[in-house]
Amino acid sequence: MFGVTIIPTFLWPEIATSACEVTATSRHYVDRLFDPDPQNVLQGVIDMKNAVIGNNRQKANLIVLGAVPRLLYLLQQSSSSLELRTECAVVLGSLAMGTENNIKSLVDCHIIPALLQGLLCSDLIFIEACLRCLRTVFISPVTPVQLLYTDPTVIPHLMSLLSRSQHTQEYITQIFAHCCKVTHSSFLGFLTPEHQTVLFNHGAIQNIAPLLISPSFKVRMQALKCFSVLAYENAQVSMTLVNVLVDGEQLSQVFVRMMQRDKPIEMQLTAAKCLTYMCRAGAIRTDDNCIVLKTLPCLVRMCSKERLLEERVEGAETLAYLMEPDIELQRIASVTDHLVSMLADYFKYPKTSVLDHDLKHAHELRQAAFKLYASLGSNDEDIRKKITETENMMDRIVSGLSESSIKVRLAAVRCLHSLSRSVQQLRTSFHDHAVWKPLMKLLQNAPDEVLVMASSTLCNLLLEFSPSKEPILESGVIELLCSLTQSDSPALRVNGIWALMNMAFQADQKVKVEIVRALGTEQLFRLLSDPDTNVLMKTLGLLRNLLSTRPHIDQVMSSHGKQIMQAVTLILEGEHSIEVKEQTLCILANIADGNTAKELIMTNDDMLQKIKYYMGHSNVKLQLAATFCISNLIWNEEDGSQERQDKLRDMGFVDILHKLTQASDPNLCDRAKTAMQQYLA
Amino acid sequence: MYQVLKEVGLDLERANQIAGFHTNNKQKIGVPFAAVFLINFLDVCYQEKELNQRLKRLYPAVNEQETPLPRSWSPKDKFSYIGLSQNNLRVHYKGHGKTPKDAASVRATHPIPAACGVYYFEVKIISKGRDGYMGIGLSAQGVNMNRLPGWDKHSYGYHGDDGHSFCSSGTGQPYGPTFTTGDVIGCCVNLINNTCFYTKNGHSLGIAFTDLPPNLYPTVGLQTPGEVVDANFGQHPFVFDIEDYMREWRTKIQAQIDRFPIGEREGEWQAMIQKMVASYLVHHSYCATAEAFAKSTDQAVHEELASIKNRQKIQKLVLSGRMGEAIETTQQLYPSLLERNQDLLFMLKVRQFIEMVNGTDSEVRCLGGRSPKSQDSYPGSPRLFNSPVHKASSSQTYQTEQNNAEVEMELDHFSNGVSESSSNGFLNGSSTHGIDLEECDGDMVDSAQSKRQLCGGSQAAIERMIQFGRELQSMSEHLRRERGKNSANKKMLKDAFSLLAYSDPWSSPVGYQLDSIQREPVCSTLNSAILETHNLPKQPPLALSVGQAAQCLSLMARTGSGSCAFASVDDYLH
């Protein structure tokens, strides 16, 4: 204790004095900026330049003391000598190299418009100093990128400066690469390529393409980065890129050369990204050799243990994105360089660490691995099997579902969703590891994007052959799913009703009653008029599942018959797709199979006319469903069948059936014959 | 037909062999058949050429005299159930294929040389036959061929039916996908870290084996009827981009060399390098440069300046072809040297004879031969460590300051210590040197075609030359009597005299002797002999260490260190 108190007493005054000294000298530097003699001002700026290099405290001091506005003033004054203006830009660039706070202060002092204005000068050295400073400011995450686009003349001017020197090329392309952001619009639900479009319209591709073969590595690298941000999710840019020639060579071939294994890793990875984005945007086929034999293997290499953590993360994410829609690429990747087991190493980075950035790395690695597993397993059953057989895979997913980082949770549930498409995995590993438990927990309180994935996974877990279905039912999931059907997001509504539909399939009477109760007929009918066809289809599917087996049909129809018949009428009269109408007619056929429920149709002449109409429809599917309905109504072994047969004969159904026995479709023909036999018996 | 084949430059027996015909009864090939044959034959020739080119490009560090590369399967090293065809590249199964006991393998003609660094071959599955029990891999010499690769010690394989890898064991490990008809399976051996990976249709499947022993042979094994596979040892382009993989390893090795730690001896390191440079300059008598260098790096020169200048003078004479004067000067400056070393004297005199034929030696020149000026200049100089740019540019800059002959000599002499006099014999050879010779020949023809005459065209000179020849003959006889037979001397003299057998010695088969580049070994030997009498090293330490580095690389190749493939000494001499 004693020692601990002593040491600071010795040190404290020392620190204090040195801090005072620094402030004093800093003030002196700032004072000199106001000297009436321009020569003294210049010398002052030069001295300041030498004083701030590598000295963050000095930088902060100068900013606090108000050096920035004065430097900007001197920089903008046309009366200042070119040398002075250049030195000012250099000092400002140096100040920007400091902390994020420095950048914020500079931006607040309107450094950006001042420097952009400076670019109009004709002197190259001055322009380069301004660009260098602008570059440093713009690559900082605290600078709003929008500031580059406020003045519409800036981008064309920057394009024209590209030809001036290797330095202007390097700085400008680096600015573009950092300021071309694709923003996700939550209102519109898609990406807005605003920046990409601006740069594209000002000839970014033609101006930057030649820089890919610049003698300077830095220029090549920044130009490459530019293309990777320009091409991302942008079909227009990507389509243009494939047709660009650089020194007589196709751009894709230039990128392929940049992926050669003796090139710096950063270059290989960025070139692979460019080709990936061009491929996903539809500009390069997924079976093109430059994708199959070059890009994919390059990205797999980036996932190897030898690479840096950031490279492994980016490599895995890019690879996941590349092969997401293509089963052939997924198959190739799954056997390339033991990728599936290589990814298992991503989980071996320490989960608990005192260092924040270690934790962040661990999260990043895990989410990247989950994403890649999700992509790998999205189509092929064998790959899914291989993934689940990877060491501790299911445990890792289960613990991933409850991690603190949303990114990891989302990626884990995506992975689980991908694997849940496998019947075999649902029956085995999913049940063994009780994945439904953390999944249910995840559904309680999660952001929409997690909910979409989680509920979609739940749909699969509720399929009839899934052994997890029972425990999930018992956990009281119905309320939760019903609340999802009320969501604003169409995806969540679909998943909610879809899960209910799966749940109702061949379910107990108790479960069905519970579903109808929890959902409420009002909500059920609201869903029947949902603008999203998917929601409508799944809701009809739910109804059909509810109305199966005779006792259930009669039970449901006795309590909700009126509304259901109304809804059916409405849909059959409305403008709907063949699939929707078919599903509706199937519901009607189910109703016709009930004992008491039959009467709801038999007493409804309007409905019978509709069935008659659909029996004569041009679409075979609808004819079949309608015939099926009639067949149920006239079935012999049931009470009152004679009366129904008579009524329907009077209405002319026998003639129609007779005609249908001649139908070209064998199913329809058979169905009509079976129905006719009911009359003959 | 035969004429055509002859013009292609191959004898028929070889042609038959290549095209796969066995003409045991020495039957002549029929004419209608000949056309088809010729097409096949030319195809094979082309394939062979492509193979050689590709192998040279992939494995430049391999010395095929010492360690030939695999080019086909060996008809001698296979189990009897294996049939070979198509130039010993196609393998088919001809056993019963009832049980694993019917398995059969074949090895390539040669083991994989370590100097490949990275070795690669591909096998295309032409037919999977009945069950597709095919194994592709590696095995050491002597491993039982009645087995599939991988089942025994020192045997490694990847099997098509289950996709498992077999590492010297009867039970496989899950490794990759299965393979079948139409697939191309590649096998890559990394001789730097002794691992192996396979490829399927151009996609790397990841490491299969580690800690591989040296001297493995490419091997395939088949087990059921109908199985047929084709090998590609470089006859065709590979499906997998092996060159890209090699690029990565070249970069890795070179980075390792670049980053090699010098440690705390850094100061000594620099001093040592300076010493080496200084001693090199002194050795080759670049006095002015040596003096300046020593001064600026604060070093002492261990030989007197006068002595260096003497050696320089003699070397200059030898390199400009003035052998008579060179011998005279040597005798003057180092009186006992040539007396004690009769073989050296003999060599110098033989060279003098050659220079007489050439018309450059002072004794014939003064008899009215060619203009000495044109001879003094020294055309077709060898390159400095085979770097053509260096010679051209630096000689230009030098010429502005110093006189022509001296400059050329200084520069040209560079390669001497390195190439010819090196007892280590590290210059990998005849090939690089051959190129130099050719180029020199070209130069000679261009520059001297019109004026090239025996002994410079003077009758008196011819007579003097013939007389000198007789003296030389008697000296040879004298030497033989006194010191016994010396085949080197005998051959030297015979070659020199052969020049007179041709009307145009320059374009004769022995004309190379007239090339100025042949002065270099003579010059270097003489220089070394002089230095030896002063108790100075015969070779400069710089040349010695370059030689050692090269020697070390070839030793690495012999002892199985694959990294020698990516560290050629030439890469660092620029």
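As the structure is a prediction and not an experimental result, all values here were calculated from the model.

Draft legend 1. Main features of the overall build of chain B. When you go through chain B residue by residue, the secondary structure sums to 21 helices and 14 strands. Of all 574 residues assigned to chain B, the portion counted as buried reaches 48%. Nonlocal contacts in chain B, meaning residues at least 24 apart in sequence, comprise 68% of its contacts between residues at least 6 apart. Accessible area for chain B stands at about 27,900 Å²; split by element, carbon and sulfur atoms hold 53% of it.

Draft legend 2. Representation of the UniProt feature "domain: B30.2/SPRY" (unreviewed entry) in chain B within the structure. In the numbering adopted here, UniProt assigns the feature "domain: B30.2/SPRY" (unreviewed entry) to residues 51–238 of chain B. Secondary structure within residues 51–238 of chain B divides into 4% helix and 41% strand; the distance between the first and last C-alpha atoms comes to 11 Å.

Draft legend 3. View of helix α40 (residues 641–650) of chain A. Residues and elements named next belong to chain A. Every buried residue belonging to α40 is among Ser641, Arg644, Gln645 and Leu648, and all of these are buried. Down the axis of α40, the buried set is contained in an arc of 100°. They therefore lie on one face. When the buried face of α40 is taken as reference, the exposed residues oriented beyond 90 degrees from it are Glu643 and Asp650. Summarising the contacts, the buried residues of α40 are in contact with α37 (598–602), α38 (605–615), α39 (620–633), α41 (653–660) and α42 (666–680). Positive backbone phi, approximately 95°, marks Gly652, located one or two places after α40.

Draft legend 4. Highlighting unusual backbone geometry. All names here are of chain B. Backbone geometry at Asn194 places phi at a positive 55°, although glycine is not the residue there. Tracing the backbone through its elements, the reader meets Asn194 in the loop between β10 (184–190) and β11 (195–200). Of note, Ser285 is a non-glycine position whose phi angle comes to about 55°, a positive value. As for its placement among the helices and strands, Ser285 is situated in the loop between α5 (266–283) and α6 (287–297). With a relative accessible area of 0%, Ser285 lands in the buried category.

Draft legend 5. Structural context of the packing of aromatic side chains. Counted according to the given criterion, the structure contains 23 aromatic pairs over all chains. Ring centres of Tyr198(B) and Phe209(B) lie 6.1 Å apart, and the angle between their planes is 80°; on these two criteria the pair is classed as edge-to-face. Linking Tyr198(B) in strand β11 with Phe209(B) in strand β12 (residues 203–209), this pair joins segments that are 11 residues apart in sequence. Members of the aromatic cluster, connected to one another through ring pairs, are Tyr156(B), Tyr158(B), Tyr175(B), Phe179(B), Tyr198(B) and Phe209(B). One residue, Arg280(A), lies across the ring of Tyr321(A), its end atom 4.4 Å from the ring centre. Directly above the aromatic system of Trp498(A) lies the positively charged group of Lys538(A), at a separation of 4.2 Å from the ring centroid.

Draft legend 6. Just the sheet that holds strand β1 (residues 73–78) of chain B, in detail. Residue and element names in this part refer to chain B. Taken together, 7 strands build an open sheet; the order of strands is β1-β4-β13-β6-β7-β8-β9 and the sheet is antiparallel. Of all the strands in the sheet, just β1 and β9 (173–174) have a single pairing partner and so form its edges. Relative to strand β13 (residues 217–222), strand β4 (residues 104–108) runs antiparallel, the two sharing 4 bridges. The residue bridging Ala104 from the neighbouring strand is Leu222, located in β13.

Draft legend 7. Structural context of the environment of Glu381(A). Residues and elements named next belong to chain A. You can see Glu381 is positioned in helix α22 (residues 381–388). Taking the C-alpha atoms as reference, Glu381 lies 49 Å from Arg135; in sequence the two are 246 residues apart. Beyond its immediate stretch of four places on either side in the chain, Glu381 contacts Ser422, Val423 and Gln424. A polar contact is formed between the side chain of Glu381 and the side chain of Arg384, at a distance of 3.1 Å.

Draft legend 8. Representation of the environment of Asn207(A) in the model. Residue and element names in this part refer to chain A. Positionally, Asn207 belongs in helix α12 (residues 204–208). The class for Asn207 is partly exposed, based on a relative accessible area of 31%. In the structure, Asn207 is positioned 48 residues away from Met159 in sequence and 6.9 Å away in space, judged by C-alpha atoms. Beyond its immediate sequence surroundings of up to four residues, Asn207 is in contact with Met159, Leu162 and His202. For Asn207, the side chain forms a polar contact with the main-chain oxygen of Gly203, separated by 3.0 Å.

Draft legend 9. Just α41(A), in detail. Residues and elements named next belong to chain A. Burial in α41 covers these residues: Phe653, Val654, Ile656, Leu657 and Leu660. For α41, the angular spread of buried residues about the axis comes to 160°, placing them on one side. Turned more than 90 degrees off the buried face of α41, the exposed positions are Asp655 and Lys659. Contact partners of the buried residues in α41: α38, α39, α40 and α42.

Draft legend 10. Broad picture of the nonpolar core. One finds Phe255(A), Leu588(A) and Ile601(A) to be the most contacted residues of the largest nonpolar core, which totals 242 residues. Non-local contacts of Ile601(A), meaning those with residues more than four positions away in its chain, are made with Met565(A), Leu588(A), Ile591(A), Ala592(A), Met607(A), Leu608(A), Ile611(A), Cys629(A) and Leu633(A).

Draft legend 11. Region of interest: the UniProt feature "repeat: ARM" (unreviewed entry) in chain A. All names here are of chain A. Under the UniProt annotation, "repeat: ARM" (unreviewed entry) lies at residues 66–102 and 519–561. Within the segment residues 66–102, helix and strand shares are 76% and 0% respectively, and the terminal C-alpha atoms sit 12 Å apart. This span, residues 519–561, is 81% helix and 0% strand, and a straight line between its end C-alpha atoms measures 16 Å.

The rules behind each value
Residues numbered from 1 in each chain as written. Chains lettered and ligands numbered in written order. Predicted model: local features only at pLDDT ≥ 70, side-chain atom pairs only at ≥ 80, totals over all residues. Heavy atoms only, no water. Helix = DSSP H or I, 4+ residues; strand = E, 2+ residues; numbered from the N terminus. Buried < 20%, exposed > 50% of the residue type's maximum accessible area, 1.4 Å probe, protein only. Contact = heavy atoms within 4.5 Å. Areas by Shrake-Rupley, 256 points an atom, 1.4 Å probe, with all protein chains shown as cover. UniProt positions renumbered as here; feature names shortened; annotations may be inferred. Arc of directions from axis to C-beta. Phe/Tyr/Trp six-rings, centres within 6.5 Å; stacked < 30°, edge-to-face > 60°. Lys NZ or Arg CZ within 6 Å of the ring centre and 35° of its normal. Pairing = 2+ DSSP bridges. Polar contact = N/O pair within 3.5 Å; in protein donor to acceptor, adjacent residues only side chain to side chain. Core = buried A, V, L, I, M, F, W, Y, C linked by side-chain atoms within 4.5 Å.

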